[in-house]
Structure formats: structure tokens, C-alpha cells
Amino acid sequence: MLVTGAGGMVGSYLPEVFSDMELTLTDIVGGFTPLDLRDPRAVMEIIRSVDPEAVLHLGAATDVDRCQQEPEWAYQTNAVGTQNVALACLAQGAALVYVSTAAVFPGDKPEPYIEFDDPRPANLYGRSKWIGEQIVTSLLPRSYIVRAGWMIGGGSKDKKFVGKITRLILDGKNPIQAVNDKWGSPTYAKDLLKGIRALLGTGYYGLYHMANQGSCTRYDIACAIREILGRKEISVAPVSSDCFPLPAPRGRSEAIRNLKAELLGLEPMRPWREALREYVQAELVPILAGR
Ligand SMILES: NC(=O)c1ccc[n+]([C@@H]2O[C@H](COP(=O)([O-])OP(=O)(O)OC[C@H]3O[C@@H](n4cnc5c(N)ncnc54)[C@H](OP(=O)(O)O)[C@@H]3O)[C@@H](O)[C@H]2O)c1
């Protein structure tokens, strides 16, 4: 399997989850086989020379606020880059797994979004990823599109919410503020890769939601981390997202439900609290203890 964007958060679990598979790990960042998705010739050439059975396409412009401010960067990476990968897979007869996002939805639905809901992205990042989805669907019948929720993971590379809050709590910051008016479905990157691995074996090509079970706010996640760390004395204050103004608009809800997997009888993903506990206890705390 050839992987794009292997140097990112999700990519950090590839060696563990696909330990028995021959992998070609590519990225624009150092330490990997160099590949810039925006270069159609380079993408075609590497997929031709490696001749993989499948391509796992993780590479993306994931900075939501930068995407909003630099739409051409977002479209070139997430839409044109995905077209480059899809065309190379078509030419080489490789299956493609494209990892997309719950940010394709507008965020106004009270219940979690399912695969049968219509996308209508609230921001440029979501729009560029959704266009990537449409390109994959129109070019490649042997493709899987997998939409993830709020990604958790990365260990030492974790600069996202869970990493930040865990650091603050371990450092004794009190009180901590966390937004309580936006909803999402946490997705442990390791569980996502395990789910993708299982899906690859089915041949059930198509569109899937793949998040840990349940939905919550960042406030709920912060409270759960406090409980996992056994730091009852720290108070977590629920605040409005207006307290943290950001360039890109976000919908009220990016919560998703893995309905297609349920209907097909595929193994369900574990609840988000269980996944969070494993991540914080087994990965983050040992790393942060050694700071
Ligand atoms: N993170 C989330 O919350 C989240 C949620 C749902 C879905 N997803 C999707 O899941 C996938 C993996 O996300 P992730 O969290 O692992 O993201 P990530 O940590 O940002 O990793 C993406 C990797 O792609 C690289 N990349 C950027 N531009 C590239 C280019 N032109 N050519 C080749 N590589 C390039 C990035 O390099 P740089 O670091 O140098 O940019 C980075 O190493 C993405 O498709 C993303 O859209 C992410």
C-alpha cells in the first residue's frame, strides 16, 4: 500500500496497524519518500513505479483557518491533489481510500449526520475536501471515501485539543476553559486506521462515516480528560465559541454516525470515552511525564 501524507497525525499509527503489510510512506515533510500531491507528474510516476494494490490518501491541507484565508492552497492540495492521486490509481488499477471529514456538513442538524445526508460545507476546508470526494467518486469505482470526526492522536506530535488540555491539566492550570456550544464525534486515529484496514478487506467500495461512537463538545472532552488524569481539583469552565474567534466559520455540529457500517454488519467502533482513555493513559501521559 502506498500512503500519502504519512507524516501526519493519522500516519503516525501506520507502522502499528499495518505492521504485516508492505508500505511506501510518502509526504511533503521530511523523513518520508518525498511526494507533493500538487505535482501531477510526480504522483503518476510514484504510483506507476511502486504499483501498489491500494493507495491510502491522507495527505491534505488540514489547517482549517489557513484554508479559509488561502483558498487556492486548499483547492490545489485537497481537490487538485486528490484528482492527481485518483487519476494515477485509475491508470495503475489501484484501489483508493480517501480520508475525508465531517466538515462537509453545514452543522445545523440536531442529530448526528449520516452518509445519506447532503453535504453543504460551512467553510473552505470542508468545501475543498468535499470536492475531493466528488472527484474520487466520479473517477474511480474501486474507491472508499471515509469521513472522520474530530481527530485524536499523534502522541508527541499532538498539538490539538486533547494534547493541549492534557498538558494544561498536568501543569496544574486552574481553571480551564472549554467550548460547550459545538458538537463533534471524536475519532481516535488508531481506531480509524483499524476501521480502514477492516473495510479494505471487504471490497464494499463507497462512502462511510468512521468515528468513535457518541458525540460531545470540547467541554465534555476536557472533563473526561480531567477524570482520566484523576485531577478533580481542576475546574473546567464551559464557555461559548465566541470566546475564541477564528477566521473560518464552523457549524454547530460535526457529529457523525457510522450508519453504513451498522447496516452492513461491520464491527462497530468503540465509544469515544474508551478510546480517549486509552490514548491519554497509554500514549500521552508517558510522553508528557518524560518532558
Ligand atoms: N485532523 C483532523 O481533525 C481531521 C478530521 C477529519 C478528517 N481529517 C482528514 O484525515 C486525513 C489525515 O489527517 P491528519 O490529521 O493526519 O492531518 P495532518 O496531521 O495535517 O497530516 C497531513 C499530512 O499531509 C501533508 N501534506 C500537506 N500538503 C501536502 C502536499 N501538497 N503533498 C503531500 N503531503 C502534504 C502534511 O504536511 P504539512 O504538515 O507540512 O502540512 C501532513 O504531513 C486528512 O485527509 C484530513 O483531511 C483530519
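Before reading on, note that the structure itself is shown above.
What counts, and where the lines are drawn
Residues numbered from 1 in each chain as written. Predicted model: local features only at pLDDT ≥ 70, side-chain atom pairs only at ≥ 80, totals over all residues. Helix = DSSP H or I, 4+ residues; strand = E, 2+ residues; numbered from the N terminus. Rg over C-alpha atoms; globule rule 2.2 N^0.38 Å. Buried ≥ 20, exposed ≤ 12 C-beta atoms within 10 Å, placed from the backbone. Contact = placed C-beta atoms within 7 Å. Pairing = 2+ DSSP bridges. Axes fitted to C-alpha atoms, helices over the stretch in contact; angles between N-to-C directions. Core = buried A, V, L, I, M, F, W, Y, C linked by C-beta atoms within 7 Å. Left-handed = near helix turned anticlockwise from the far one by under 90°. Nonpolar A, V, L, I, M, F, W, Y, C, P; charged D, E, K, R; others polar. Near = placed C-beta within 6 Å.

(A) Structural detail: the overall build of the protein. Per the secondary structure count, the protein includes 10 helices and 13 strands. On C-alpha atoms alone, the protein measures out to a radius of gyration of 19 Å, which is about the 19 Å that the 2.2 N^0.38 rule sets for 291 residues. Taken over the C-alpha atoms alone, the protein extends approximately 60 × 40 × 40 Å along its principal axes. A total of 291 residues make up the protein; the buried ones form 46% of that total. Across the protein, contacts joining residues at least 24 apart in sequence account for 80% of those joining residues at least 6 apart.

(B) Structural detail: the pairing of strand E2 (residues 24-27). Bridge count for strand E1 (residues 2-4) against E2 is two bridges, and the pairing is parallel. Within E2, the position partnered with Val3 by the bridge is Leu25. Here E2 pairs with strand E3 (residues 33-34) via two bridges, running parallel. Each bridged residue has a counterpart across the sheet, and for Thr26 the counterpart in E3 is Thr33.

(C) Region of interest: the environment of Gly230. Locating Gly230 in the fold gives a position in the loop between helix H8 (218-228) and strand E12 (236-239). Assessed through the 8 C-beta atoms surrounding it within 10 Å, Gly230 is described here as exposed. Between the C-alpha atoms of Gly230 and Ile169, which are 61 residues apart in sequence, the distance is 10.0 Å.

(D) Geometry of the sheet that holds strand E11 (residues 206-209). The parallel open sheet is built from seven strands, whose spatial order is E3-E2-E1-E4-E5-E6-E11. The open sheet terminates on both sides in strands that have one partner only, identified here as E3 and E11. On the sheet, helix H7 (residues 189-200) packs against strand E4 (54-57), strand E5 (95-101), strand E6 (143-148) and E11 and is oriented at approximately 155 degrees with respect to E6.

(E) Fine view of the nonpolar core. Counting 79 residues, the largest nonpolar core has Val10, Cys89, Leu96, Val146, Ile152 and Ala189 as the members making the most contacts within it. Excluding anything up to four places from it in sequence, Val10 contacts Leu58, Val99, Met151, Ala189, Leu192 and Leu193.

(F) Representation of the packing of helix H2 (residues 40-50) against helix H4 (residues 71-92) within the structure. As a packed pair, H2 and H4 sit with axes 9 Å apart at the nearest point and diverge in direction by 35 degrees. For the element pair H2 and H4, the recorded crossing hand is right-handed. Counted together, Pro40, Val43, Met44, Ile47 and Arg48 of H2 and Asn84, Val85, Ala88, Cys89, Ala91 and Gln92 of H4 form the full contact between these two elements. Split into classes, the residues belonging to the contact of H2 with H4 amount to eight nonpolar, two polar and one charged.

(G) Focus on the site of the ligand. Neighbouring the ligand are 27 residues, the closest being Gly5, Gly8, Gly59, Ala60 and Met151. Among the elements of the structure, H4, E5 and strand E7 (150-152) are those that each provide at least two residues to the shell around the ligand. Looking at the shell around the ligand residue by residue, the class counts come to 13 nonpolar, 10 polar and four charged.

(H) Region of the structure containing the environment of Arg277. With respect to the secondary-structure elements, Arg277 resides in helix H10 (residues 272-289). Judged by the 16 C-beta atoms lying within 10 Å of it, Arg277 falls in the partly exposed class. Distance from Arg277 to Ile176, taken between C-alpha atoms, is 19 Å for residues 101 residues apart in sequence.

(I) Expanded view of helix H6 (residues 161-170). Within the sequence span of H6, burial applies to Val162, Gly163, Ile165, Thr166 and Ile169. Tucked into the core, H6 has its buried residues touching E7, strand E8 (176-179), H8 and H10. One or two steps after H6, the chain reaches Gly172, where phi turns positive at roughly 80 degrees.

(J) Highlighting the environment of Gln213. Tracing the backbone shows Gln213 in the loop between E11 and H8. A tally of 17 C-beta atoms within 10 Å means that Gln213 is categorised as partly exposed. Here the alpha-carbon distance between Gln213 and Met44, two residues 169 residues apart in the chain, equals 37 Å.

(K) Representation of unusual backbone geometry within the structure. The omega torsion across Asn174 and Pro175 is 0 degrees, close enough to zero to call that bond cis. With respect to the helices and strands, Pro175 occurs in the loop between H6 and E8. The phi angle at Asp51 is positive, at roughly 50 degrees, despite the residue not being glycine.

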